[in-house]
Number of protein chains: 2
Amino acid sequence: MKIFKFFSIFLFLIAFSCVSSTKNSNFDKENQPKFAIAIHGGAGTILKSQMSDSLESAYKEVLSKAVREGHEILSKGGSALDAVVASINILEDSPLFNAGKGAVFTQDQTNELDASIMDGASLNAGAVAGVKHIKNPINLARSVMEKSPHVFMYGTGAEAFAKEQGFSMVDQDYFFTQSRFEHLMRVQDAENNASASSQDPAHLMNEKLAFYDPILKASKFGTVGCVALDKEGNLAAGTSTGGMTNKRFGRIGDAPIIGAGTYANNKSCAVSATGWGEYFIRGVVAHDISAMIEYGGFNLEKSTSAVIDKKIPELGGDGGVIAMDKYGNISMRFNTPGMYRAQIDTSGAMTVGIYKSDTLLTK
Amino acid sequence: MKIFKFFSIFLFLIAFSCVSSTKNSNFDKENQPKFAIAIHGGAGTILKSQMSDSLESAYKEVLSKAVREGHEILSKGGSALDAVVASINILEDSPLFNAGKGAVFTQDQTNELDASIMDGASLNAGAVAGVKHIKNPINLARSVMEKSPHVFMYGTGAEAFAKEQGFSMVDQDYFFTQSRFEHLMRVQDAENNASASSQDPAHLMNEKLAFYDPILKASKFGTVGCVALDKEGNLAAGTSTGGMTNKRFGRIGDAPIIGAGTYANNKSCAVSATGWGEYFIRGVVAHDISAMIEYGGFNLEKSTSAVIDKKIPELGGDGGVIAMDKYGNISMRFNTPGMYRAQIDTSGAMTVGIYKSDTLLTK
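Below is a short write-up of the structure. In this text the structure is predicted, and so the values were computed from the model without any measurement.

What counts and how
Residues numbered from 1 in each chain as written. Chains lettered and ligands numbered in written order. Predicted model: local features only at pLDDT ≥ 70, side-chain atom pairs only at ≥ 80, totals over all residues. Heavy atoms only, no water. Helix = DSSP H or I, 4+ residues; strand = E, 2+ residues; numbered from the N terminus. Contact = heavy atoms within 4.5 Å. Areas by Shrake-Rupley, 256 points an atom, 1.4 Å probe, with all protein chains shown as cover. Buried < 20%, exposed > 50% of the residue type's maximum accessible area, 1.4 Å probe, protein only. Axes fitted to C-alpha atoms, helices over the stretch in contact; angles between N-to-C directions. Parallel < 35°, antiparallel > 145°, perpendicular 65-115°, else oblique. Nonpolar A, V, L, I, M, F, W, Y, C, P; charged D, E, K, R; others polar. Salt bridge = Lys/Arg side-chain N within 4 Å of Asp/Glu carboxyl O. Pairing = 2+ DSSP bridges.

From N to C terminus, chain A includes 11 helices and 13 strands. For chain A, the proportion of contacts with a sequence separation of at least 24, taken over those separated by at least 6, is 68%. For chain A, the computed accessible surface area is about 13,900 Å², with 55% contributed by carbon and sulfur atoms.

What follows is the structure, encoded as structure tokens:
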């Protein structure tokens, strides 16, 4: 009798472990392959008090459209890479976000764009920085990944490659938006006033002003990104940005840096970051989150929290990430008042959020 | 009596743990603070059969001079950052290495230089890429780190910053070496011949040729770097390179990428890489080695081996790293026939190596 009891417990344990392992595979309860997608449109000092209802609606509409577009691709069995590119294209084409159309201006009144993409299955990656005539930089990053032996190309060189690949070039005028241009004027006026009253180098003042002027500060963080898991169990991540208002010195931020702004690895997770680029490079943020999962046995939320709630603020930086693990779990983690974001999780439920109070920080 | 015995064991365990912890601190047996330094001058298809005795002596002489220079600074209580810069300067100034003077040529017959540096104490970092008129790019990377709010600057923008910082500009002629120029001619001839007989894009052929021509292949890997631990227990790492022969499309390799070519963190280790840049970016090599130590509990040798002997070859790449942990242990790990390298360990013993057979792979 005792042996029988023992045997029953044993069988129960085996059955339970089977259920657990099914739960952790890329199949949901009905044995359908899991898929999910999450996007961001930048983190920063985004406050409800500074936002009109109509602008808020406009942001939510584009975020919803972008996340649905990628999700539609995934639901039809498309790849995570295709979904990432399609979702980011919608954000790049919207003047609301600092990527593609709507990119901020450099000190020289030009628009310079950066993007990167990574395939979690092959660990292949592509990135471009400082391009001025590419409508959708994420598409060029993908071409660098798939059609060249290189990972990272810069400026006119990257554009020469784009031409060889049949990309059409757009004029700088394409990127012009009145609001971004006025923003540059404000930053430069503030910088000139600051320079006149101080011995601080202008570029340092620009950084300092950002602390006091929420609109200036928010401009640092306007980056878009996407992470996705497809039905094949492949993860991908992509990030696209117009960089920093009043940028000079050929500054490169974290968005085009594999490991900092973007990382994907089927073993662990996919990450796209949006933050104060310098701190995100120093923290090797996207790879650090992955490494904590791969080597430290952390789960997704613990990893994103360790980096965004602790490491980056301790360095003095801020921003956020979206991350997705190989099971389709999503983490939306930021230490700023807001982050434009949306997700459609493995159950098919869509949520869109802007402020910290919106329920999306932790699933 | 029993209690007494138990108490003795308890005391012994306490004493033992004290000894262990002393062993792991930055002090050696005589309670002197430990310090150490290691450098590399590139990994690749470096074969004794292709090297004259006089050339071998010349390499060893510069390597010895460079490692001694940094060690001298450390021994006087100087910082790891100062030692890294001083050692790299000697390698940059030598025409034997593909960094500074002696940099390889791009497709357009220019020399474009990249460098990065990281301070393990503060996790501050600086990097430049695509600069054409800076004699010692590692010095500019350090200025980016210390004198700007940025981490990474590119090309003419980086040079504008350099001018503001009082760097003198050198003509492109400064970087000319006959052997590197002839090397470019050979690569371009080979590429033209390949293009004439194949439909493959020329830039892909260049990559493929590198597999068959050891001299072409070796040219990919000419990068210099240094890691150091100072008496304060601070780690630093730096890397400097002339990039890839016949480079085009504004290609950026791993050398200026924090996390890929260079990483330092007092919690774990300092790393400088020299390899096929694209694979080292995809592997986020320098940070990966650090993360395995920090999160996975690996020791230095296990971490460098996991990356260089397994992960990178599995992706299809090759190259090497020098790494130093917070105790001053040194790892020189490469999967190529050779790596120019030298070290002075915590005991003060200097060793210089070139080929795999030289005893320096594993301490």
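A word on the environment of B:Met169. All names here are of chain B. Here Met 169 shows up in the loop between α5 (155-164) and α6 (178-196). Taking the relative accessible area as the measure of exposure, Met 169 reaches 29% and is therefore partly exposed. Sequence spacing of Met 169 and Gly 41 is 128 residues, and the spatial spacing of their C-alpha atoms is 24 Å. Among all residues touching Met 169, those that are not within four sequence positions of it are His 133, Ile 134, Glu 159, Ala 162 and Lys 163.

We now examine the packing of helix α3 (residues 80-93) of chain A against helix α4 (residues 137-147) of chain A. Residues and elements named next belong to chain A. The interhelical angle for the contact between α3 and α4, taken along N-to-C directions, is 150°, at an axis separation of 8 Å. Compared by their axis directions, α3 and α4 come out roughly antiparallel. Across the interface between the two elements, Leu 81, Asp 82, Val 85, Ile 88, Asn 89 and Glu 92 from α3 touch Pro 137, Ile 138, Asn 139, Arg 142, Met 145 and Glu 146 from α4. Grouping the amino acids of the contact of α3 with α4 by side-chain chemistry returns 6 nonpolar, 2 polar and 4 charged.

Note on pairing: side chains with opposite charge can pair once their charged atoms come close. One pass over the full model with this rule turns up 32 salt bridges over all chains. In this structure, the salt-bridge partner of B:Arg248 is A:Glu164, at a minimum N-O distance of 3.7 Å. With B:Arg248 in the loop between β6 (235-241) and β7 (251-252) and A:Glu164 in helix α5 (residues 155-164), the pair connects residues from two separate chains. Overall, the relative accessible area of 46% leaves A:Glu164 in the partly exposed class.

This part covers the packing of α4(A) against α5(A). Residue and element names in this part refer to chain A. At a closest axis distance of 11 Å, the pairing of α4 and α5 adopts a crossing angle of 75°. Between α4 and α5, the angle falls in the class roughly perpendicular. Each of Leu 140, Ser 143, Val 144 and Lys 147 in α4 lies in contact with α5, whose residues at this interface are Ala 158, Phe 161 and Ala 162. Residue composition of the contact of α4 with α5, by class: 5 nonpolar, 1 polar and 1 charged.

Turning to the side chain of B:His71, a few remarks are in order. Residue placement: B:His71 occurs in helix α2 (residues 53-75). Looking at B:His71, the relative accessible area reads 15%, which means it is buried.

So, on to the sheet that holds strand β9 (residues 269-275) of chain A. Residues and elements named next belong to chain A. Taken together, the 4 strands give an open sheet; going across it, the order is β8-β9-β10-β11, and neighbouring strands pair in antiparallel fashion. Here the strands that pair on one side only, and so sit at the sheet edges, are β8 (262-264) and β11 (330-334). Neighbour-to-neighbour, the strand axes of this sheet turn through a mean angle of 10°, independent of strand direction. Sheet analysis places strand β10 (residues 319-325) next to β11, joined by 5 bridges and oriented antiparallel. In the strand pairing of β11, Met 324 is matched with Ile 330. Of the strands in this sheet, β8, β9 and β10 are in contact with helix α10 (residues 285-296), which crosses β9 at around 145°. Against the sheet, helix α11 (residues 300-315) contacts β9, β10 and β11, and its axis sits at roughly 15° relative to β11.

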